[in-house]
Amino acid sequence: MLSLLNSAELQAFASGFPILLAHVGTTIVMLMLGATLYAILTPWREITLIRNGNSAAAVAFGGVLAGLAIPLAASLSASNSTVEIIVWGLATVLVQLLAFRLTDMVLAGLPDRIREGEISAAVLLVSAKLSVALILAAAVTV
């Protein structure tokens, strides 16, 4: 039993686990910050729409969360320190929010259709946002 407690694997876990928690916690805070900024910047109030039972708004906002998480996850995996995670994470959140805004402008009319509860519009919007997220995630890891 004593040899297990003194094993290199357990020692590595004991020293690495707090770092894991710090890195994951930092990334989750950036995800929440990005989602909050998106909710503030969006031309419609998705959270209110979701609370009122609008499924299209829920699909669209779920796409935002996934679209932010994908490049944040890439930033997390490509970084070696909490500071580096913060720098790359903030960069990806800002670029992704800009890309989301451009997507909303290019796919004009979709926000109104989402407000009206049209799921097909939400799915198209989510697909565009996830596509941009995957490209941004790939760019971060190069």
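Keep in mind the model is a prediction, meaning the values are calculated, not measured. (Residues numbered from 1 in each chain as written. Predicted model: local features only at pLDDT ≥ 70, side-chain atom pairs only at ≥ 80, totals over all residues. Heavy atoms only, no water.)

S.K.: How should I be thinking about the side chain of Q96 in this particular structure?
M.R.: Among the secondary structure elements, Q96 is positioned in helix α5 (residues 82–106). A relative accessible area of 0% means that Q96 is categorised as buried. The contacts of Q96, once residues within four sequence positions are left out, are G67, L68, P71, K129, V132, A133 and L136. (Helix = DSSP H or I, 4+ residues; strand = E, 2+ residues; numbered from the N terminus. Buried < 20%, exposed > 50% of the residue type's maximum accessible area, 1.4 Å probe, protein only. Contact = heavy atoms within 4.5 Å.)

S.K.: Got a minute to help me understand the packing of helix α2 (residues 8–41) against helix α4 (residues 55–78) in this structure?
M.R.: To characterise two packed helices, one gives the angle between the axes of the helices and the distance between these axes. The N-to-C vectors of α2 and α4 enclose an angle of 145°; their axes lie 10 Å apart at closest approach. The two elements α2 and α4 cross, and the hand of that crossing is right-handed. Where α2 approaches α4, its residues H23, T27, M30, L31, G34, A35, Y38 and A39 are matched on the opposing element by F61, V64, L65, L68, A69, L72 and L76. (Axes fitted to C-alpha atoms, helices over the stretch in contact; angles between N-to-C directions. Left-handed = near helix turned anticlockwise from the far one by under 90°.)

S.K.: Any chance you could explain a nonpolar patch on the surface here in plain terms?
M.R.: On the surface, L10, F13, F17, L20, L21, V24, I28, V29 and M32 cluster together into a nonpolar patch covering about 800 Å² of accessible area. Position of F17 among the secondary structure elements: in helix α2. (Patch = residues over 30% accessible without salt bridge, like charges linked within 9 Å, V, L, I, M, F, W, Y side chains within 5 Å. Areas by Shrake-Rupley, 256 points an atom, 1.4 Å probe, with all protein chains shown as cover. Salt bridge = Lys/Arg side-chain N within 4 Å of Asp/Glu carboxyl O.)

S.K.: How should the environment of E46 be read in this particular structure?
M.R.: By secondary structure assignment, the location of E46 is in helix α3 (residues 46–51). With 65 residues separating them in the primary sequence, E46 and P111 have C-alpha atoms 9.8 Å apart. Dropping the residues within four chain positions of it, E46 is found in contact with Y38, A57, A60 and F61.

S.K.: What exactly am I supposed to notice about α4 here?
M.R.: Turn by turn, an α-helix covers 3.6 residues, leaving residues three or four places apart pointing in a common direction. Counted at 1.5 Å a residue, the expected span for α4 with its 24 residues is 34 Å, and the 35 Å between its end C-alpha atoms agrees. Residues of α4 that are buried: A56, A57, A60, F61, G63, V64, G67, L68, P71, L72, A74 and S75. In this structure, the buried side of α4 is in contact with α2, α3, α5, α6 (110–115) and α7 (119–140). The distance from a side-chain oxygen at the start of α4 to the backbone nitrogen of A56 is 3.0 Å, and the residue carrying that oxygen is N54. (Expected span 1.5 Å × (residues − 1). Polar contact = N/O pair within 3.5 Å; in protein donor to acceptor, adjacent residues only side chain to side chain.)

S.K.: In this structure, what is going on with α7? I would like to understand it.
M.R.: Taking 1.5 Å per residue, 22 residues should reach 32 Å; α7 reaches 31 Å between its end C-alpha atoms and fits that length. Regarding α7, the residues found buried are A121, A122, L125, V126, K129, A133, L136, A137 and V140. Buried residues along α7 cover an arc of 135° about the axis, so they all sit on one side. Opposite its buried face, α7 presents the exposed residues L134 and I135, each directed more than 90 degrees away. (Arc of directions from axis to C-beta.)

Shape descriptors only; they carry no functional weight alone.
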